[in-house]
Amino acid sequence: MAANRPKVPRPLARQLLVEAGHRCAIPTCRATPLEIAHIVPWHRVRRHDLPNMIVLCPNCHTRFDRGDIDRQAMFRYKELLRLSDANHVAPEDSSPRAGLIRAYRLFQNEMVRWHKSITQLVLAVALSSAGFPIHTAERCLRAASVARAAADKLAELGDEDVTEAANHVFDRYRSWADDVFDLKPSVFNRSSGDEDEKRERFMEFVALHEEVCAALDLDPAELDFFEARRNGRELPAVPLGTRGLWKTGG
């Protein structure tokens, strides 16, 4: 710690620890003992600020400092914690319905990121002449970890039908990723079977949207199907014949 860097105020440290449940904020870790980390480094912000701070175990803190866990992922872990902490939610947004919608959007966004990381891994494997692309594979695994945590948060805030539908989406992508890691030829060859699998992945999202809307007592057309399009993110492949299913914001 820099000599002129003040200690984290005790109330703020307590709030951070409570936010994380006195465990490492990385969902697949949850270890102790704990340290408090700045997501954007102290030397850049020079202040202790709740939205930019997170609780990590020493191992995850070291991995973050050396770049094994990137800053975008750390902010997403922070967002998962924020969904669990009513103190971080504006009063007008603190209803269970608003929480479910936020969790749904977070899950969608993390699945989009995982989708992108899997397609990047497929391309990297296909183009690699020096063995399996380890760094690309690690990014894919990190994306899967965050997506799993987002699925768990959605399950926590939704009903049994939402939970089941979210798990179906996740499991479909896990099967796709497993096939890539297992180097199954069918994953790397464009075929009618590949198009069928894309359609099945998409239809799992359709089923989830229906269950979320049912839990919110909304018609499916009343809630944008994929808000990620408005944010310029890559969407899962949409098969022909389903693009007009609901408003997609694009």
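The structure this text deals with has already been given above.
This report concerns the structure included in the present document. Predicted model, so just to flag it, every value in this text is computed and none were measured. (Residues numbered from 1 in each chain as written. Predicted model: local features only at pLDDT ≥ 70, side-chain atom pairs only at ≥ 80, totals over all residues. Heavy atoms only, no water.)

### What to know about the pattern of salt bridges
Link 1 in the chain: For the structure on display, the rule yields twelve salt bridges.
Link 2 in the chain: A salt bridge links Arg172 to Glu200; its shortest N-O distance comes to 3.7 Å. Here Arg172 is found in helix H7 (residues 160-181), whereas its partner Glu200 is found in helix H9 (residues 192-216), with 28 residues between them in sequence.
Link 3 in the chain: A relative accessible area of 37% places Glu200 in the partly exposed class.
Link 4 in the chain: Beyond isolated ion pairs, a larger network of salt bridges with shared partners links Arg172, Glu197, Glu200 and Glu204. (Salt bridge = Lys/Arg side-chain N within 4 Å of Asp/Glu carboxyl O. Helix = DSSP H or I, 4+ residues; strand = E, 2+ residues; numbered from the N terminus. Buried < 20%, exposed > 50% of the residue type's maximum accessible area, 1.4 Å probe, protein only.)

### Let's talk about the packing of aromatic side chains
Link 1 in the chain: Summed over the entire model, instances satisfying the criterion amount to five aromatic pairs.
Link 2 in the chain: Note on Trp114 and Tyr173: the rings are 6.0 Å apart at their centroids and 35 degrees apart in plane angle, and the pair reads as tilted. With Trp114 in helix H5 (residues 96-127) and Tyr173 in helix H7, this pair connects stretches of sequence that are 59 residues apart.
Link 3 in the chain: Here Trp114 falls in the buried class, since its relative accessible area comes to 2%.
Link 4 in the chain: One aromatic cluster in this structure is built from Trp114, Phe170, Tyr173, Trp176 and Phe205.
Link 5 in the chain: Here the basic side chain of Arg201 rests over the ring of Trp176, its NZ or CZ set 3.7 Å away from the ring centre. (Phe/Tyr/Trp six-rings, centres within 6.5 Å; stacked < 30°, edge-to-face > 60°. Lys NZ or Arg CZ within 6 Å of the ring centre and 35° of its normal.)

### Some details on the nonpolar core
Link 1 in the chain: In terms of nonpolar packing, the biggest core is built from 64 residues, with Trp114 and Leu208 touching the most fellow members.
Link 2 in the chain: For this core, the secondary structure elements donating two or more residues are helix H1 (10-19), strand E2 (53-56), helix H3 (58-65), helix H4 (71-84), H5, helix H6 (134-157), H7 and H9.
Link 3 in the chain: Broken down by element, the residue count for this core peaks at twelve residues, all from H5.
Link 4 in the chain: When sequence neighbours within four positions are dropped, the list of residues in contact with Trp114 reads Cys140, Ala143, Ala144, Ala147, Phe170, Tyr173, Arg174 and Ala177. (Core = buried A, V, L, I, M, F, W, Y, C linked by side-chain atoms within 4.5 Å. Contact = heavy atoms within 4.5 Å.)

### Some details on the packing of H5 against H6
For any two helices packed against each other, one specifies the crossing angle of their axes together with the interaxial distance.
Link 1 in the chain: Interhelical geometry of H5 versus H6 gives an angle of 160 degrees and a closest axis separation of 8 Å. With respect to H6, the axis of H5 lies roughly antiparallel. For H5 against H6, the interelement crossing comes out left-handed.
Link 2 in the chain: A per-class count over the contact of H5 with H6 returns 20 nonpolar, four polar and four charged. (Axes fitted to C-alpha atoms, helices over the stretch in contact; angles between N-to-C directions. Parallel < 35°, antiparallel > 145°, perpendicular 65-115°, else oblique. Left-handed = near helix turned anticlockwise from the far one by under 90°. Nonpolar A, V, L, I, M, F, W, Y, C, P; charged D, E, K, R; others polar.)

### Considerations on the packing of H6 against H7
Link 1 in the chain: One way to put it is that H6 packs onto H7 with a least axis distance of 9 Å and a crossing angle of 170 degrees. In this view, H6 runs roughly antiparallel relative to H7, as classed from their interaxial angle. In this structure, H6 contributes Ala137, Cys140, Leu141, Ala144, Ala147, Arg148, Leu154 and Ala155 to the contact, and H7 contributes Val162, Thr163, Ala166, Asn167, Phe170 and Phe181.
Link 2 in the chain: Its residues placed into classes, the contact of H6 with H7 shows eleven nonpolar, two polar and one charged.

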